[in-house]
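Residue-level structure breakdown
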Amino acid sequence: MTGFARAEGHEGDFLWRWEVKSVNARGLDIRCRVPHGFEALELVARTAVAEHFQRGSFNVVLVVVKPPGEVKLVLNRDMLDQVLNIAKEIEAETNAAPPRLDGLLGIRGVVDAVEQVEDEEDRGRREGLITATLDEALGAIEAMRRDEGGRLAITLEGHLARIDELCAKSETLAAAQPGDIKARLKERITALIEAEPALAEERLAQESLLLASKADVREEIDRLKSHIIAARDLIGQGGAVGRRLDFLAQEFNREANTLCSKSADKDLTMTGLDLKATIEQFREQIQNIE
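First, a word on scope: everything that follows refers to the structure included in this document. (Residues numbered from 1 in each chain as written. Predicted model: local features only at pLDDT ≥ 70, side-chain atom pairs only at ≥ 80, totals over all residues. Heavy atoms only, no water.)

Some details on the environment of Phe252
- Residue position: Phe252 is located in helix 8 (residues 242-262).
- Separated by 24 residues in sequence, Phe252 and Ile228 place their C-alpha atoms 8.6 Å apart.
- Apart from the residues within four sequence positions on either side, Phe252 is in contact with Leu160, Ile163, Leu224, His227, Ile228, Ala231, Ile279 and Phe282. (Helix = DSSP H or I, 4+ residues; strand = E, 2+ residues; numbered from the N terminus. Contact = heavy atoms within 4.5 Å.)

Details of the pairing of strand 3 (residues 28-33)
- Strand direction decides the pairing type here: strand 3 and strand 4 (residues 56-65), joined by six bridges, are parallel. Residue Ile30 lies in a different strand from strand 4, and its bridge partner there is Phe58.
- Handedness of the crossover joining strand 3 and strand 4 through helix 1 (residues 40-52): left-handed. (Pairing = 2+ DSSP bridges. Right-handed = clockwise from strand over helix to strand, strands pointing away.)

Some words on the packing of helix 7 (residues 218-237) against helix 8
- Relative to each other, helix 7 and helix 8 sit at 160 degrees, their axes nearing to 10 Å. With respect to each other, helix 7 and helix 8 are oriented roughly antiparallel. Crossing handedness for the pair helix 7 and helix 8: left-handed. In this structure, helix 7 contributes Glu220, Ile221, Arg223, Leu224, His227, Ile228, Ala230, Ala231, Leu234, Ile235 and Gln237 to the contact, and helix 8 contributes Arg244, Leu245, Leu248, Glu251, Phe252, Glu255, Thr258, Leu259 and Lys262.
- Residues of the contact of helix 7 with helix 8, tallied by class, amount to eleven nonpolar, three polar and six charged. (Axes fitted to C-alpha atoms, helices over the stretch in contact; angles between N-to-C directions. Parallel < 35°, antiparallel > 145°, perpendicular 65-115°, else oblique. Left-handed = near helix turned anticlockwise from the far one by under 90°. Nonpolar A, V, L, I, M, F, W, Y, C, P; charged D, E, K, R; others polar.)

Points about the environment of Gly12
- By secondary structure assignment, the location of Gly12 is in the loop between strand 1 (3-11) and strand 2 (14-23).
- When the C-alpha atoms of Gly12 and Pro67 are compared, they prove to be 8.7 Å apart, with 55 residues separating the residues in sequence.

Looking at the nonpolar core
- Membership of the largest hydrophobic core comes to 24 residues, with the highest contact counts inside it found for Trp18, Val20, Val60, Leu62, Ile130 and Leu134.
- Going through the elements one at a time, strand 1, strand 2, strand 3, helix 1, strand 4 and helix 4 (120-175) are the ones with two or more residues in this core.
- Counting residues per element, this core draws most heavily on helix 4, which supplies five residues.
- When near neighbours in sequence (up to four residues on either side) are disregarded, Leu134 contacts Trp18, Val20, Ala45, Ala48 and Val60. (Core = buried A, V, L, I, M, F, W, Y, C linked by side-chain atoms within 4.5 Å. Buried < 20%, exposed > 50% of the residue type's maximum accessible area, 1.4 Å probe, protein only.)

Concerning the packing of aromatic side chains
- Counted under the stated rule, the structure contains four aromatic pairs.
- Pairing Phe14 with Trp16 gives two aromatic rings, centres 6.0 Å apart and planes at 50 degrees, and the pair type is tilted. This pair shows no difference in class: Phe14 is buried, exactly as Trp16 is.
- Cluster of aromatic residues (ring-pair linked, three or more members): Phe14, Trp16 and Phe38.
- It is Arg126 that lies over the ring of Phe14; its NZ or CZ is 3.8 Å from the centre. (Phe/Tyr/Trp six-rings, centres within 6.5 Å; stacked < 30°, edge-to-face > 60°. Lys NZ or Arg CZ within 6 Å of the ring centre and 35° of its normal.)

Looking at the sheet that holds strand 2
- Spatially, 1-2-4-3 is the arrangement adopted by the four strands of the open sheet, whose pairing is mixed. The open sheet terminates on both sides in strands that have one partner only, identified here as strand 1 and strand 3. In this sheet, neighbouring strand axes are inclined to one another by 15 degrees on average, regardless of whether the strands run parallel or antiparallel.
- Seen against the sheet, helix 1 touches strand 2, strand 3 and strand 4 and runs at an angle of roughly 150 degrees to strand 3.

Looking at the side chain of Thr278
- Note that Thr278 resides in helix 9 (residues 266-286).
- Ignoring anything within four residues of it in the chain, the contact list for Thr278 reads His159, Arg162, Ile163 and Leu166.

Examining a nonpolar patch on the surface
- Together, Leu75, Leu101 and Leu105 line one region of the surface with nonpolar side chains, adding up to about 280 Å² of accessible area.
- As for its placement among the helices and strands, Leu101 is situated in helix 3 (residues 101-105).
- By relative accessible area, which is 61% here, Leu101 ends up exposed. (Patch = residues over 30% accessible without salt bridge, like charges linked within 9 Å, V, L, I, M, F, W, Y side chains within 5 Å. Areas by Shrake-Rupley, 256 points an atom, 1.4 Å probe, with all protein chains shown as cover. Salt bridge = Lys/Arg side-chain N within 4 Å of Asp/Glu carboxyl O.)

Thoughts on the pairing of strand 4
- Strand 4 sits mainly inside the fold: seven of its ten residues count as buried.
- Relative to strand 4, strand 2 is paired through nine bridges, and the arrangement is antiparallel. Residue pairing across strands places Trp18 opposite Leu62, the latter belonging to strand 4.

Considering the packing of helix 1 against helix 4
- Helix 4 packs onto helix 1 with a crossing angle of 30 degrees between their chain directions and a minimal axis gap of 11 Å. The angle between helix 1 and helix 4 falls in the class roughly parallel. For the pair helix 1 and helix 4, the sense of crossing is right-handed. Note on element contacts: helix 4 touches helix 1 through Glu127, Ile130, Thr131, Leu134, Asp135, Leu138 and Glu142, opposite Ala40, Leu41, Val44, Ala45, Ala48, Val49 and His52.

Below is the structure:
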């Protein structure tokens, strides 16, 4: 299920922002990016996402904006002295102009940006505030996914209604199979033996019964009906039912395949193919459900 949420917080001039994106996935995949110095919050974020969701691919990003006072520029005098000494040597050998101030300050390592060190208490308090903002973002994503789930439930119910309709049609067609099998068998035997004596009615009945038993799809239809009831119960429960619905879709497909393979009637076979197509549509939608 898809979604996007952003939640912001601040403490004075210290600002932070969580951005959470979610797309469909068969399992739970979490990618998290946090700034340097906030690595401890990556585990917190991963744990929080796993507590809220069971399926989906999540991209979680923390952005932090620190006030100017949080960072202090420090002159590295040892590095500066070395640079000046080298500059004097080069100047003496080549008669080059002395280095400019902006050039000196632009040399990496001459000026370092040093963050002020927080004590553990302040850091823990601030990380707690940032974590609370993450919970807001995850709550918003959860609400979006719940709304999407409500809309998908209507779509799934439509597919189940169609599967139920095709099951009823299959049941009607299957009831006519034994008589049709017997009639077709009699025609074939008559054509084969031509002038020979006709096959005994008792033998014909036995052969018809054997073929009809092989073509009996009542068990498959009964199981399809029970799967429809189970699927509707799961959808009615709500919550994280995607994996169980996915399993049911596999069972639906297995019964539809068996029905088609056992069918001895063209109309029943066509109905079975319609059933398989509807089940596939049902299965595709299930991939969007947690």
